[in-house]
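# Tertiary structure, described
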Amino acid sequence: MDLTTLGTLLVGVGAVAAAVVTYLGKRGENRTTSWVAEIDQVQEERDGLRSQVVVKDARIAELLEARLTDQVEIARLRVKVVELGGDPS
């Protein structure tokens, strides 16, 4: 085997190695891009859920306020029933 053949073989092996490294690098890049897209999607879903929680919390606060108003009205009516000579139970 002369020097030219050996050089050609080494160039061929180098080309194959470069192709393998490029392939593996591209796979890693694609995987990273995929993960970034997944993380972005999860963050968007999280933000949507947070806004839903804020709306539900506001509704709960509104219902609690209405309940308190109703309890005050019930107490007022019980006093009125007693004043009129009835039994509030």
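All values reported here derive from a predicted model rather than from experimental measurement.

## Describing the overall build of the protein chain
Across its full length, the protein chain carries one helix and zero strands. A globule of 89 residues ought to have a C-alpha radius of gyration of about 12 Å, yet the protein chain, at 38 Å, is considerably larger. Along the first, second and third principal axes, the C-alpha atoms of the protein chain reach 125 × 20 × 10 Å. Accessible area of the protein chain: about 8000 Å², with a carbon and sulfur share of 65%. Positive and negative side-chain charges in the protein chain, numbering 11 and 14 respectively, have mean positions lying 4 Å apart.

## Some remarks on a negative patch on the surface
On the surface, a cluster of negative charge is contributed by E38, D40, E44 and E45. The residue E44 is located in helix α1 (residues 3-83) in this model.

## Section: the pattern of salt bridges
Taken as a whole, this structure holds three salt bridges when the rule is applied. For D47, the salt bridge goes to R46, with nearest N and O atoms at 3.3 Å. Close ionic contact of R59 with E62 constitutes a salt bridge, the shortest N to O distance being 2.8 Å. Taken together, the positions of R59 and E62, both in helix α1 and three residues apart, correspond to about one turn of that helix.

## Focus on the environment of Q71
As for its position among the elements, Q71 is in helix α1. According to the relative accessible area criterion, Q71 is partly exposed, its value standing at 38%. Between the C-alpha atoms of Q71 and R50, which are 21 residues apart in sequence, the distance is 31 Å.

## Here's the deal with a nonpolar patch on the surface
The grouping of V16, V20, Y23 and L24 at the surface amounts to a nonpolar patch, some 400 Å² of accessible area in total. With respect to the helices and strands, L24 occurs in helix α1.

## Considerations on α1
An ideal rise of 1.5 Å per residue puts 120 Å on 81 residues; α1 measures up with 119 Å between its terminal C-alpha atoms. A positive backbone phi angle near 95° is found at G85, which sits one or two residues after α1.

Calculation notes
Residues numbered from 1 in each chain as written. Predicted model: local features only at pLDDT ≥ 70, side-chain atom pairs only at ≥ 80, totals over all residues. Heavy atoms only, no water. Helix = DSSP H or I, 4+ residues; strand = E, 2+ residues; numbered from the N terminus. Rg over C-alpha atoms; globule rule 2.2 N^0.38 Å. Areas by Shrake-Rupley, 256 points an atom, 1.4 Å probe, with all protein chains shown as cover. Lys, Arg positive; Asp, Glu negative; His and termini not counted. Charge placed at Lys NZ, Arg CZ, Asp CG, Glu CD. Patch = residues over 30% accessible without salt bridge, like charges linked within 9 Å, V, L, I, M, F, W, Y side chains within 5 Å. Salt bridge = Lys/Arg side-chain N within 4 Å of Asp/Glu carboxyl O. Buried < 20%, exposed > 50% of the residue type's maximum accessible area, 1.4 Å probe, protein only. Expected span 1.5 Å × (residues − 1).

This is a description of form; function is not addressed.
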